[in-house]
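Understanding the architecture of this molecule
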Amino acid sequence: MLGLMQDWPLRTSTIIDHAARFHTDRPVMCRQIEGPIARATWAGIHARAKRVTQAMRRLGVRPGDVIGGMAWNTIRHMEIWYGVPGAGGVLHTLNPRLSGEQLTYIITHAEDQWIFVDADILPVLESIAADLPCVKGYIVMTDRAHMPETALANVHCYEELVEAEDGDTGWVKGDE
């Protein structure tokens, strides 16, 4: 349709690119699940979101794949909010307050392939993992020092996954 207000697709990558370019050093702060206050900038979130994009691709995520996210409102959650769609994945928010039966239905129906999860919510997924055949693995959103013991299969530490990448990648292209 001609006459639209913009001549580019409205994608999350456009939003984070704008923030990194025009609000480079503006502070972003949150309380981490591990306890301390975390500080970042929009440029830093942009750079780490690109690393998430690379990590998703390395794990085999293809455009259209559904990736679950069961996380609190933290800087890491913002990184996956931009990084997963940057790889073409669909970030599917999961509510840890739902029952195990409800979560099992939602995850199975959406066909979530990977699930990002905050360490303190891990027991919710551990209790239903046997009923989630479509899930290839889990990414616990913490660092190695705070990585909990878990019986889940194919578990990755978020910080190790992100730090293994260099961020030299582009966002997936396409219509919104």
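Shown above is the structure to which this text applies.
Residue indices follow the written sequence of each chain, beginning from 1 at its first position. For a predicted model such as this one, the threshold for reporting local features is a pLDDT of at least 70, and the threshold for listing and counting side-chain atom pairs is 80 or more; totals across whole chains, interfaces and linings nevertheless cover every residue. By convention in this description, side-chain values take in all heavy atoms of the structure and omit both hydrogens and water.

Structural notes on unusual backbone geometry
Even without a glycine there, the phi angle at E111 is positive, about 60 degrees. Here E111 is to be found in the loop between α4 (100-110) and β5 (114-117). We classify E111 as exposed; its relative accessible area is 52%. With a phi close to 55 degrees, N154 is a non-glycine residue in the positive phi region. Relative to the assigned elements, N154 resides in the loop between β6 (137-140) and β7 (155-157). Owing to a relative accessible area of 39%, N154 belongs among the partly exposed residues under this scheme. Every helix listed is a DSSP run of H or I at least four residues long, and every strand listed is a run of E at least two residues long, numbered separately from the N terminus. Three exposure classes are used, based on accessible area relative to the maximum for each residue type with a 1.4 Å probe and protein chains only: buried under 20%, partly exposed in between, and exposed over 50%.

A short note on the environment of A164
Among the secondary structure elements, A164 is positioned in the segment after α6 (158-163). With a relative accessible area of 53%, A164 lands in the exposed category. Considering only alpha carbons, one finds A164 and A55, 109 residues apart in sequence, at a separation of 7.9 Å.

Things to note about the packing of aromatic side chains
Here the aromatic set is Phe, Tyr and Trp, taking the six-membered ring for Trp, and pairing holds for ring centres within 6.5 Å; pairs whose planes are under 30 degrees apart are stacked, those over 60 apart are edge-to-face, and all others are tilted. One pass over the full model with this rule turns up two aromatic pairs. Ring geometry for F116 against Y158: centres 6.1 Å apart, planes inclined by 70 degrees, an arrangement best described as edge-to-face. With a gap of 42 residues between them, F116 in strand β5 and Y158 in helix α6 connect regions that are remote in the sequence. For the pair shown, F116 and Y158 are each scored as buried. Whether a charge lies above a ring is judged from NZ of Lys or CZ of Arg, which has to be within 6 Å of the ring centre and within 35 degrees of the ring normal. Just above the ring of W171 sits the side chain of K50; from NZ or CZ to the centre is 4.9 Å.

Geometric values such as these leave the question of function open.
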